[in-house]
Amino acid sequence: MLCRVSPLDIGGERGVRMIIESGKLKNVCLVQMAFNLILYLCIFKKYLSMADNYLEKRYEEVFGAGRTKVKRVGHTLDELLTRNRSYRGYNKNYVVKREELERIVGVCNKLPSARNQQVLRFRLLTRDTGADIVLHNIKLGAALPELHLPFPGTEPEAFIVICSTVPENKMVDIDLGIAMQSMLLKAVEMGLNGIVIGAFNKGEIERALELPYEPLMIVAIGKGTEKIELTTIAPDESHAYYRKEGIHYVPKVSVKDLII
Ligand SMILES: Cc1cc2nc3c(=O)[nH]c(=O)nc-3n(C[C@H](O)[C@H](O)[C@H](O)COP(=O)(O)O)c2cc1C
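Participant: Talk me through the sheet that holds strand S2 (residues 159-164); I want residue IDs and the actual numbers.
Facilitator: Taken in spatial order, the four strands make up an open sheet running S1-S2-S4-S3, and their pairing is antiparallel. Across the chains shown, the open sheet's two edge strands, defined by having one partner strand only, are strand S1 (120-125) and strand S3 (193-197). Averaged over all adjacent pairs, the angle separating strand axes in this sheet is 20°, with direction ignored. Bridge count for S2 against strand S4 (residues 215-222) is five bridges, and the pairing is antiparallel. Following the sheet pairing, Val-161 is matched in S4 by Ile-218. Sheet strands in contact with helix H6 (residues 170-189) are S1, S2, S3 and S4, and its direction is about 5° off that of S4.

Right under this line is the structure:
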C-alpha cells in the first residue's frame, strides 16, 4: 500500500504508525532527508546573504557609500611604467610573431587623437618579413658609442614603423608620442619589451619597405635581456644613461623637482 506522508507528520504518532503500516520506511526517510537538506540550504543561503550585506555595509562605513570598488587584476599602471624601459638587447630565441605586433598596434584605435584625425599608419616587420632592413638602418645607444649597441646576437628582430598620412606637424607628433607609449605599455603587459627609435635612415627605410608615407618613428619589440634600473637625480645632474657592472642605469629627475 502506498500512503502519502507529510514530512510534518513524520515525528508524530500517526506518522510512525503509517510508516510501520505501509512498510515504506526507506522512502519516508529519503523524504525526510530531502526536506532537511532544503531547510539547511535555505538557512545557509540566508546566512551568506547576511554576511555579504555586512561586508558591503562595513565597506561603505569605512570608505563611504557610492565609491567605486577597485578590484585589482593584473599589473598596476605604475608597475607597467617602471618595467617599460628602453631595451637595446634582446633574446634571439624569442621570435616575435606578427600576431603579437598586431595586438600591440591594437591599442591604437582607443587613443586620443588631435581633432580625432587618426593619421598614423603602422608597418609591421618580423624576422621573416623585412626586420633586417630596419635593423641595418637604425642607431641604438648613441650616448654609449664605445659599446656599439646592440651587442652581436642581441639585435631586435621585430619593428613597428610608424608613418603619417599627412605631413608631420605638432599635433601629429603628439599623436605619435601617445601611440608609441601606449604600444610599449601593451608590449610590457604582454611580457615583451621595446624601445622608441628616432635615429634611423628615413629615406632608405621608406624606399626599401616601399612605404606609401614618410616614416616618422620606429618602435622595436622583443624579449629584453638587459638589466635596467632607474636612479633618482636632481635636475642639474647628468641625465645621461650609463652602464656599470652589467647594469644599465637610467637617471630620472625626482617628482618633487618636476612639480613647479
Ligand atoms: C622620441 C624618442 C626617440 C628615441 N630615439 C632613440 C634612438 O634613436 N636610439 C636609442 O637607442 N634610444 C632612443 N630613445 C630611447 C631613449 O634613449 C630612452 O627613452 C632614454 O634613454 C630613457 O630611458 P628609458 O626609456 O628606459 O627611461 C628614444 C626615446 C624617445 C622618447
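Picking up after the structure, the text goes on.
Participant: Hey, could you go over the packing of helix H4 (residues 98-105) against H6 for me, with residue numbers and the actual values?
Facilitator: Remark: H4 packs on H6, axes separated minimally by 8 Å, with the N-to-C direction vectors making an angle of 130°. Judged by the angle between their axes, H4 and H6 are oblique. Viewed along their axes, H4 and H6 form a crossing whose handedness is right-handed. On the side of H4, the interface is formed by Arg-103, Ile-104 and Val-105, while H6 contributes Met-183, Lys-186 and Ala-187. Within the contact of H4 with H6, the residues separate by chemical class into four nonpolar, no polar and two charged.

Participant: So what about the nonpolar core? Which residues, and what values?
Facilitator: In terms of nonpolar packing, the biggest core is built from 33 residues, with Phe-159, Ile-160, Val-161, Met-183, Val-219 and Ile-221 touching the most fellow members. Elements with a contribution of two residues or more to this core: H4, S1, helix H5 (131-135), S2, H6, S3 and S4. Sort the elements by how many residues they give to this core and H6 lands first, with six residues. Residues contacting Ile-221, with those up to four places away along its chain left out, are Val-96, Leu-101, Ile-104, Ala-158, Ile-160, Ala-187, Leu-192 and Gly-194.

Participant: Let's hear about the site of the ligand: which residues, and what values?
Facilitator: Neighbouring residues of the ligand: 14 residues in total, closest Arg-85, Ser-86, Leu-140, Gly-198 and Ala-199. The element that contributes the greatest number of residues to the shell around the ligand is S3, accounting for three residues.

Participant: Requested: an account of unusual backbone geometry, with residues and values cited.
Facilitator: Pro-150 follows Leu-149 through a cis peptide bond whose omega is 0°. Among the structural elements, Pro-150 can be located in the loop between H5 and S2. Despite not being glycine, Glu-210 has its phi angle at roughly 50°, a positive value. Positive phi, close to 45°, is recorded for Glu-245, a residue that is not glycine.

Participant: Go over H6 with me, naming the residues and quoting the values.
Facilitator: With 20 residues, H6 should cover 28 Å at 1.5 Å per step; its first-to-last C-alpha distance of 29 Å lies within 8% of that length. Among the residues of H6, those classed as buried are Asp-175, Ala-179, Met-180, Met-183, Leu-184, Lys-186, Ala-187 and Val-188. Packing partners of the buried residues in H6 comprise helix H3 (77-83), H4, S1, S2, S3 and S4. Residue Gly-191 follows H6 closely and has a positive phi angle near 85°.

Participant: Requested: an account of the sheet that holds strand S7 (residues 247-253), with residues and values cited.
Facilitator: Pairing within the open sheet is mixed, and its three strands lie in the order S5-S7-S6. Of all strands in the sheet, those bounded by a partner on one side alone are strand S5 (227-233) and strand S6 (242-244). Strand-to-strand twist of the sheet, defined as the mean angle between neighbouring strand axes without regard to direction, takes the value 35°. In this sheet, S7 lies alongside S5 in parallel orientation, the contact comprising seven bridges. Residue pairing in the sheet places Thr-232 in a bridge with Lys-252 of S7.

Participant: An account of the environment of His-248 is requested, with residue identities and associated values reported.
Facilitator: Mapping His-248 onto the fold places it in strand S7. Residue classification places His-248 among the buried residues on the basis of 20 C-beta atoms within 10 Å. Residues His-248 and Leu-230, 18 residues apart in the sequence, show an inter-C-alpha distance of 8.6 Å. What His-248 contacts, discounting residues up to four positions off in sequence, is Glu-226, Lys-227, Ile-228, Tyr-241 and Arg-243.

The rules behind these values
Residues numbered from 1 in each chain as written. Predicted model: local features only at pLDDT ≥ 70, side-chain atom pairs only at ≥ 80, totals over all residues. Pairing = 2+ DSSP bridges. Helix = DSSP H or I, 4+ residues; strand = E, 2+ residues; numbered from the N terminus. Axes fitted to C-alpha atoms, helices over the stretch in contact; angles between N-to-C directions. Contact = placed C-beta atoms within 7 Å. Parallel < 35°, antiparallel > 145°, perpendicular 65-115°, else oblique. Left-handed = near helix turned anticlockwise from the far one by under 90°. Nonpolar A, V, L, I, M, F, W, Y, C, P; charged D, E, K, R; others polar. Core = buried A, V, L, I, M, F, W, Y, C linked by C-beta atoms within 7 Å. Buried ≥ 20, exposed ≤ 12 C-beta atoms within 10 Å, placed from the backbone. Near = placed C-beta within 6 Å. Expected span 1.5 Å × (residues − 1).

Function cannot be inferred from these measures alone, as they are strictly geometric.
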